[in-house]
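# Coordinates in review
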Amino acid sequence: MDGDGHLDMITGHYWPGDIFLFRGEGENRFAAMENLKDETGRNLNGGAPWDDDKTPRMESLAAAPYATDFDGDGDYDMLIGNIRGSITYMENVGGPKEPRFSTERTLLEAGGETIKVPGGDAGPVFEDWNKDGKRDLLSGAGDGSVWFFKNVGADDAPHFAEGVELLEKSSQGWKSYPHGGAPKGPGMRTKVCVTDVDGDGWVDLLVGDYVQEEPAPIELTEEQAARLEELKEERDRVREELTAAGDDEEASAKIAERYGKIYEEIRELEPPDIPHGFVWYYRRVPPKDDAVGAVIR
């Protein structure tokens, strides 16, 4: 990212959606986390400044950054997917050694319409998918699908055609799979890596996801079952109190503390589903004729 010859890491952030940099120091060591900045010194964020801390810009949230030389000028620009399913482009105006990003935010379009992947949670990459010498746009999606947007412009001045679905939405969906079992396929909120895994000259897909597993079953005693019902009734009452507290921050804080204690006791008697993230490998089947819609499996 900073042109020093060491690979760096970047990562996004759910709220407020800032973009962080870990500078590589060689030998698999990284410096402490720092915020990337825009040209005004503000933390890099795909959304414009918020009106207040409780009123976010949706273009900010669930930031999924991808650093790439989008405009072909020799430095890393930033593509940022967000919770809405759109993708923001921010140009690096600082150069290859001191990245600083323009405050101008461009929502990428495909087929003349602003990109919005199904289910939100866009996760962009910019790689040549169809071997025509121009990098294309691919993105995961909140519903578990993966999309391809062909670059019909130039490599350093991209324009994108209407999206093509490479991977269908998740068949597992939000439903948790049985404890000790396995999901049917990729879950939700897919994020993709485009790379030639098998060395056949065609890029493949690695797909990360979010999915949940049912907890191990617990046999409750009669006393525990009765206590669980009491706790759930108390939880519902406390929720109503929290709503009634409105803007009274002191009262809300005390009620929230009580709610947290109730929630933790409920978790011991009725454990929640277990979140997981898997990585799925889809090998590219080299196309015979049309390289745009190449099949993956």
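Look above for the structure.
Residues numbered from 1 in each chain as written. Predicted model: local features only at pLDDT ≥ 70, side-chain atom pairs only at ≥ 80, totals over all residues. Heavy atoms only, no water.

### Considering the layout of surface pockets
There is about 470 Å³ of room inside the largest pocket. Contributing to the lining of the largest pocket are 21 residues, with Ala63, Ala64, Pro65, Gly123 and Lys191 lying nearest its centre. Counting only elements with at least two residues in the lining of the largest pocket, the list comes to strand E1 (9-11), strand E6 (64-68), strand E12 (123-127) and strand E16 (188-195). No other element matches E16, which puts 5 residues into the lining of the largest pocket. Here the lining of the largest pocket is built from residues that sort into 13 nonpolar, 4 polar and 4 charged. (1 Å grid on protein atoms, 1.4 Å probe; cavity = no way out; pocket = protein on both sides within 12 Å on 5 of 7 lines; lining within 4 Å. Points joined across faces, edges and corners; volume = space filled by probe spheres on them. Helix = DSSP H or I, 4+ residues; strand = E, 2+ residues; numbered from the N terminus. Nonpolar A, V, L, I, M, F, W, Y, C, P; charged D, E, K, R; others polar.)

### Overview of the sheet that holds strand E2 (residues 20-22)
Spatially, E1-E2-E5 is the arrangement adopted by the 3 strands of the open sheet, whose pairing is antiparallel. Across the chains shown, the open sheet's two edge strands, defined by having one partner strand only, are E1 and strand E5 (34-35). Pairing between E2 and E5: 2 bridges, direction antiparallel. Residue Phe20 lies in a different strand from E5, and its bridge partner there is Asn35. (Pairing = 2+ DSSP bridges.)

### Here's the deal with the packing of aromatic side chains
Under the counting rule described, the total for this entry stands at 8 aromatic pairs. Pairing Tyr177 with Phe278 gives two aromatic rings, centres 6.5 Å apart and planes at 55 degrees, and the pair type is tilted. Taken as a pair, Tyr177 in the loop between strand E15 (164-167) and E16 and Phe278 in the loop between strand E18 (274-276) and strand E19 (279-282) lie far apart in primary sequence, 101 residues in all. Look at Phe278 and you get partly exposed, because its relative accessible area is 31%. The structure contains a cluster of three or more aromatic residues connected by ring pairs, namely Phe70, Tyr89, Phe126 and Phe160. Taking the ring centre of Tyr210 as reference, the NZ or CZ of Arg189 above it sits at 5.0 Å. Positioned above the aromatic ring of Trp129 is the side chain of Arg284, whose terminal nitrogen or guanidinium carbon lies 3.7 Å from the ring centre. (Phe/Tyr/Trp six-rings, centres within 6.5 Å; stacked < 30°, edge-to-face > 60°. Buried < 20%, exposed > 50% of the residue type's maximum accessible area, 1.4 Å probe, protein only. Lys NZ or Arg CZ within 6 Å of the ring centre and 35° of its normal.)

### Observations regarding the nonpolar core
Grouped together as the largest cluster of nonpolar side chains are 28 residues, with contacts concentrated most on Leu79, Leu108 and Leu205. Looking at this core, the elements that each hand over two or more residues are strand E8 (87-90), E12, strand E13 (136-140), strand E14 (146-149), E15, E16 and strand E17 (204-213). Broken down by element, the residue count for this core peaks at 4 residues, all from E14. Judged by nonpolar contacts, the second largest core, of 10 residues, contains Leu44, Met78, Met90 and Phe101. (Core = buried A, V, L, I, M, F, W, Y, C linked by side-chain atoms within 4.5 Å.)

### Points about the pattern of salt bridges
Summed over all chains, the structure comprises 17 salt bridges. Taking the shortest distance from any N to any O, the salt bridge between Glu265 and Arg227 comes out at 2.9 Å. Highlighted residues: Glu265 in helix H2 (residues 249-269) and Arg227 in helix H1 (residues 222-245), separated in sequence by 38 residues. The partly exposed category is assigned to Glu265, whose relative accessible area is 28%. Among the residues examined, Arg227 registers a relative accessible area of 30% and is labelled partly exposed. When the shortest N-O distance is used, the salt bridge between Asp236 and Arg239 registers 3.7 Å. (Salt bridge = Lys/Arg side-chain N within 4 Å of Asp/Glu carboxyl O.)

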